[in-house]
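# Tertiary structure, described
Here's the letter readout for the chains.
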Amino acid sequence: MAEFGGKAVERAEGSAKLDKARLVGQTVRSFRSWGKHFLIELDDVSLRIHLLLFGSYRINERKESAPRLSLGFANGELNFYGCSVQSIEGPLDEAYDWRADVMGDAWDNRATLKKLRARPRLLACDALLDQTLFSGSGNIIKNEVLFRTRIHPLSLIGDLPAPKLRELTREVRTYSFEFLQWKREGTLKAHWLAHTKTICPRCKVPFVKAKALGRSKRRAFYCERCQKRYGDSEHMPLESPAEEA
């Protein structure tokens, strides 16, 4: 997409509900990312594009289906499909904490630890899906990281020992880069140890499969024997994960 940097938008159309006429004539100042958000920074507004589960994009070509957003330039076009498109007013640096992007150069492990310690009643399974804490982490990463670190998904963040909490935050970033590498190689599923699995590879006992675990209500696969549960989350008020920005 670099060829569109510094270029003016000459055409904006699609089914996305935003003021597309406003985009025409504006110059692309930068393309940025934050976790699962793809950001197009223009003169006085930015566009946030989330590909969700099945979204896609095309550069200088189109699919048969109608795009959610199509931006035309003098030297080509960008087309986005099956995605969420929203406008962001004001500077992006005010809208995003770049330190939370698990694969970003600005990732700050200490800042994440500080935010986690401030939310002691958050479940581990919800923390790893909270984009304000781990931007870019998803359900597969959640299941795999909790298995790697031997943490039960219903553990309370405030009851994790300090070394275990540090291990958890480090492993989210480490696994995210491995996830990307394996996905590019087409070998991602071959490396799964817990996600969608039926037997624990460590204990050789059946995994627990939960269809909607925690406040985030996402699928979970975990071992009751080797993943330790920290804290009594059954008898304590719990915190809901933050809404995604």
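Reference entry: report on the structure contained in this document. (Residues numbered from 1 in each chain as written. Predicted model: local features only at pLDDT ≥ 70, side-chain atom pairs only at ≥ 80, totals over all residues. Heavy atoms only, no water.)

## Considering a positive patch on the surface
Among the surface-exposed residues, Lys36, Lys209, Lys211, Arg218 and Arg219 lie close enough to one another that they form a single positively charged patch. Going through the elements one at a time, β9 (208–213) and β10 (218–222) are the ones with two or more residues in the positive patch. Looking at the element boundaries, arginine 218 is found in strand β10. (Patch = residues over 30% accessible without salt bridge, like charges linked within 9 Å, V, L, I, M, F, W, Y side chains within 5 Å. Areas by Shrake-Rupley, 256 points an atom, 1.4 Å probe, with all protein chains shown as cover. Salt bridge = Lys/Arg side-chain N within 4 Å of Asp/Glu carboxyl O. Lys, Arg positive; Asp, Glu negative; His and termini not counted. Charge placed at Lys NZ, Arg CZ, Asp CG, Glu CD. Helix = DSSP H or I, 4+ residues; strand = E, 2+ residues; numbered from the N terminus.)

## Things to note about the packing of helix α3 (residues 109–117) against helix α6 (residues 162–185)
Helix packing for two helices is described by the angle between their axes and how far apart those axes are. Contact pair α3 / α6: the axes reach a minimum separation of 10 Å and the direction vectors enclose 125°. Classified by the angle between their axes, α3 and α6 sit oblique to one another. Considering how the two elements wind past one another, α3 and α6 form a crossing that is right-handed. Contacts between α3 and α6 involve Asn109, Thr112, Leu113, Leu116 and Arg117 from the former and Leu165, Arg166, Thr169 and Arg170 from the latter. For the contact of α3 with α6, a count of residues per class yields three nonpolar, three polar and three charged. (Axes fitted to C-alpha atoms, helices over the stretch in contact; angles between N-to-C directions. Parallel < 35°, antiparallel > 145°, perpendicular 65-115°, else oblique. Left-handed = near helix turned anticlockwise from the far one by under 90°. Contact = heavy atoms within 4.5 Å. Nonpolar A, V, L, I, M, F, W, Y, C, P; charged D, E, K, R; others polar.)

## Description of unusual backbone geometry
A positive phi angle is found at asparagine 60, which is not glycine, with a value near 60°. Along the chain, asparagine 60 falls in the loop between β5 (56–59) and β6 (69–73). In this model, lysine 217 sits at a positive phi of 55°, which is unusual for a non-glycine residue. By secondary structure assignment, the location of lysine 217 is in the loop between β9 and β10.

## Digging into the pattern of salt bridges
Taken as a whole and judged by the stated rule, the model has 15 salt bridges. A salt bridge links aspartate 97 to arginine 99, with the nearest nitrogen and oxygen atoms 2.9 Å apart. Connected through salt bridges with shared partners, the residues Arg11, Glu13, Arg62 and Glu77 form a single ionic network.

## A look at a nonpolar patch on the surface
On the surface, a cluster of nonpolar side chains totalling about 420 Å² of accessible area is made up of Leu52, Leu53 and Phe54. Along the chain, leucine 53 turns up in the loop between β4 (46–50) and β5. On the basis of relative accessible area, leucine 53 is assigned to the exposed category, the value being 71%. (Buried < 20%, exposed > 50% of the residue type's maximum accessible area, 1.4 Å probe, protein only.)

## Considerations on the sheet that holds strand β2 (residues 30–34)
The strand order across the open sheet built from four strands is β2-β3-β4-β8, with neighbouring strands paired in antiparallel fashion. Where the open sheet ends on each side, the last strands, each with one partner, are β2 and β8 (84–88). Strand-to-strand twist in this sheet, taken as the mean axis angle between neighbours without regard to direction, amounts to 25°. Relative to β4, strand β3 (residues 37–41) is paired through five bridges, and the arrangement is antiparallel. (Pairing = 2+ DSSP bridges.)

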